[in-house]
Amino acid sequence: MKKTVFFAVVLTAFAFIAPNNPLTKKERKDAIQLLKSTENDLLQEVKGLSEAQLKYKPAPDRWSVEECVIHIATTEQMLWQATDAGIKQPANPEKRSEIKMTDEQIVKGVEDRSQKRQTSDNLKPENSPFKSMNEALESLKSSREKLTGYVKSTPEDLRSHVLAMPFGSLDSYQMILFIAAHNARHTLQIREVKADAGFPKS
């Protein structure tokens, strides 16, 4: 009888220690691939640009290439801080019913440039702590290295940590996809700037 009780206690303890549903290999692979590809695409778009090209604005109310990069890095910091804070809170899988979008819908929806949106004042380039593209890129590279390493190794059940964001409820895994997709969205914006008729030749 004592042995039976002992094993029951041990099994109960392990039930609280072991994660319920850690990320699958496919989820880890997909997120890492998206994080890396969006970073690489951005780096390729800004590589070798002159100061005049970096600061060119197609119109007074539109951002330059440099401002787009600063916004990406600033927003990435904010999104990860919110995601990390959510992960450190107790899991709330009962909130999953509030999630209205699939992973694919999040990525495609965020990347879609047909719908223009206004960002909040704290995420505007002029209010960023980064004062140059190089500062922003260094932050982005460091952030991506840490984030890909985290996705690769975390034992956390990211699907069971649901965050209520201004744009809707997402689980922590989807927040990581959102970060990468937001990067892609503004890389497309950079391509639009570079395609403008007035963009400097050098």
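Scroll up to find the structure this text is about.
Residues numbered from 1 in each chain as written. Predicted model: local features only at pLDDT ≥ 70, side-chain atom pairs only at ≥ 80, totals over all residues. Heavy atoms only, no water.

Caption draft 1: Structural context of the packing of aromatic side chains. Within the structure shown, the criterion is met by three aromatic pairs. Measuring from centroid to centroid gives 5.4 Å for Trp-80 and Tyr-150, while their planes differ by 65 degrees, and the two rings are edge-to-face. Of this pair, Trp-80 sits in helix α4 (residues 65-88) while Tyr-150 sits in helix α6 (residues 133-153); the two residues are 70 residues apart in sequence, bridging distant segments of the chain. Relative to Phe-178, the ring of Phe-167 has its centre 4.3 Å away and its plane inclined at 10 degrees; by these criteria the two rings are stacked. Here Phe-167, found in the loop between β1 (162-165) and β2 (168-171), pairs with Phe-178, found in helix α7 (residues 172-195); they are 11 residues apart in sequence, far enough to count as distant. (Phe/Tyr/Trp six-rings, centres within 6.5 Å; stacked < 30°, edge-to-face > 60°. Helix = DSSP H or I, 4+ residues; strand = E, 2+ residues; numbered from the N terminus.)

Caption draft 2: How the structure looks around the pairing of β2. Here β1 runs beside β2; their pairing, made up of four bridges, is antiparallel. Considered in β2, the bridge of Val-162 is made with Asp-171. Between β1 and β2, which pair antiparallel and follow one another directly, the connecting turn spans two residues. (Pairing = 2+ DSSP bridges.)

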